[in-house]
Amino acid sequence: MKRTVFIAMALIGVLSILNSCKKEVVEKISPSIYFAVEPNFLSTDSVLNLNQKVSVKIYASSEGSAITLFNFKIYDGEKVTSVDSGLNTSAFSKEITFTKGLATHERWVFAVRNKDMQWDSVSLSVDLKPGWQFGPITTVTGIQLGAQQNNSFGSFYSISQNLVATLAIGANSSSFYDLCYYFDNTGDMNTLASPGANISTSIFDLSSWAVKNEARFMQTTLTATDFDNSHNDSLIISNTFVYQSGKRKCKLLAPGDVYSFIRGDYKGLIKFTQVVGAESGNVVMDIKYQPLTDKR
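All of the points below concern the structure found in this document. (Residues numbered from 1 in each chain as written. Predicted model: local features only at pLDDT ≥ 70, side-chain atom pairs only at ≥ 80, totals over all residues. Heavy atoms only, no water.)

1. A short note on the pairing of strand β13 (residues 189-193)
- Burial runs high along β13: four of the five residues are buried.
- As paired strands, strand β12 (residues 179-184) and β13 are joined by five bridges and run antiparallel to one another. Residue pairing in the sheet places Phe 183 in a bridge with Asn 190 of β13.
- Hairpin geometry of β12 and β13 is characterised by an intervening segment of four residues between the two adjacent antiparallel strands and by a positive phi of about 155° at Gly 187. (Buried < 20%, exposed > 50% of the residue type's maximum accessible area, 1.4 Å probe, protein only. Helix = DSSP H or I, 4+ residues; strand = E, 2+ residues; numbered from the N terminus. Pairing = 2+ DSSP bridges.)

2. A word on the pairing of β12
- Extensive coverage of β12 is indicated by the burial of six of its six residues.
- Relative to β12, strand β10 (residues 156-158) runs antiparallel, the two being bridged by two bridges. Paired with Tyr 157 across the strands is Leu 179, a residue of β12.

3. Focus on the nonpolar core
- Counting residues in hydrophobic clusters, the biggest one holds 24 residues, and the most contacted among them are Leu 179, Leu 192, Phe 217, Ile 270, Phe 272, Met 285 and Ile 287.
- For this core, the secondary-structure elements that each account for two or more residues are β9 (138-146), β12, β15 (258-263), β16 (266-276) and β17 (282-289).
- Dropping the residues within four chain positions of it, Leu 192 is found in contact with Leu 145, Leu 179, Cys 180, Tyr 181, Phe 217, Lys 249, Cys 250, Leu 253, Ile 270, Phe 272 and Met 285.
- Core analysis: the next-biggest nonpolar cluster, separate from the first, contains 23 residues, Ile 67, Phe 72, Phe 92 and Trp 108 among them. (Core = buried A, V, L, I, M, F, W, Y, C linked by side-chain atoms within 4.5 Å. Contact = heavy atoms within 4.5 Å.)

4. Remarks on the sheet that holds strand β5 (residues 80-89)
- Overall, mixed pairing links the five strands, which are arranged β2-β8-β7-β4-β5 in an open sheet. Each edge of the open sheet carries a strand with a single partner, namely β2 (46-48) and β5. Across this sheet, the average inter-strand angle for adjacent strands is 20°, counted without regard to direction.
- Bridge count for strand β4 (residues 67-75) against β5 is eight bridges, and the pairing is antiparallel. In the strand pairing of β5, Asn 71 is matched with Asp 84. (Axes fitted to C-alpha atoms, helices over the stretch in contact; angles between N-to-C directions.)

5. Observations concerning the side chain of Lys 271
- Note on placement: Lys 271 falls in strand β16.
- Only 2.7 Å separates the side chain of Lys 271 from the side chain of Asp 228, close enough to count as a polar contact.
- Here Lys 271 is in contact with Ala 224, Phe 227, Asp 228, Asp 257, Val 258, Val 284, Met 285 and Asp 286, once residues within four sequence places are set aside. (Polar contact = N/O pair within 3.5 Å; in protein donor to acceptor, adjacent residues only side chain to side chain.)

6. Topic: the sheet that holds β15
- Spatially, five strands are ordered β9-β17-β16-β15-β14 in an open sheet, and the strand pairing comes out antiparallel. A single partner strand is all that each edge strand has here, and the edge strands are β9 and β14 (216-219). Strand-to-strand, the axes of this sheet are offset by a mean angle of 25°, without reference to chain direction.
- Direction of pairing for β15 relative to β16: antiparallel, over a ladder of six bridges. Bridge pairing links Arg 263 to Tyr 266 in β16.

Next up, the structure:
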């Protein structure tokens, strides 16, 4: 009898030791994300006019591990646009501006993920208001830009002023200049970018520029003929993109290339008609863009 009691007590002791050695199980907590319900921000399903600009404001937080990823996707029935942003924070807010395109129905999905791989998301539906019409465009042809060592043409272009300037002249009114051309012999070759595109100081020293405007670009499948035959903003709208998904530079340029661009409120297309490589080379391009007076 004593032996039985002893064995039982020994087993209880062993079990107690084993239980005390178990690691405490920590419940993984999902992050949270939601729309800001504030004036001037979209937070519910909506019907928008063609080319209407709207903004969404997101709040997100995580009581568990830090948020490491923010993602938004746009589903338009034909393609999906997805943009990721890496983070390391317990909370953040973010404003994103969109311009309504041609898709009849879109789904905008915003999601966050924390370090524990837990997700949360919110979404809204956006439909296109019937009865829309295409609008006018502004066309500028024969813009000549020189690369960094070209002594005949400036490298910087102002859309609003339709002016070309050298590096030194542009520094005096840097807020006007939107685009720049240079030759990068390390790989990008003939390149169109913007002053805010992190250009190497060995190409352009922009340290004296008070403002470095930024643009984004996306190469299209349009031909030069498509560009030439465009007389309203239909091709601009159908080839535009979400700003955050665009590229900072047009690289390896060749005659006939057509790019879509966004620079501030300007949205349009660029066609390259002539490209002469080398640091002393030049590029000739045409631009078509939506006038800023378009209030649709």
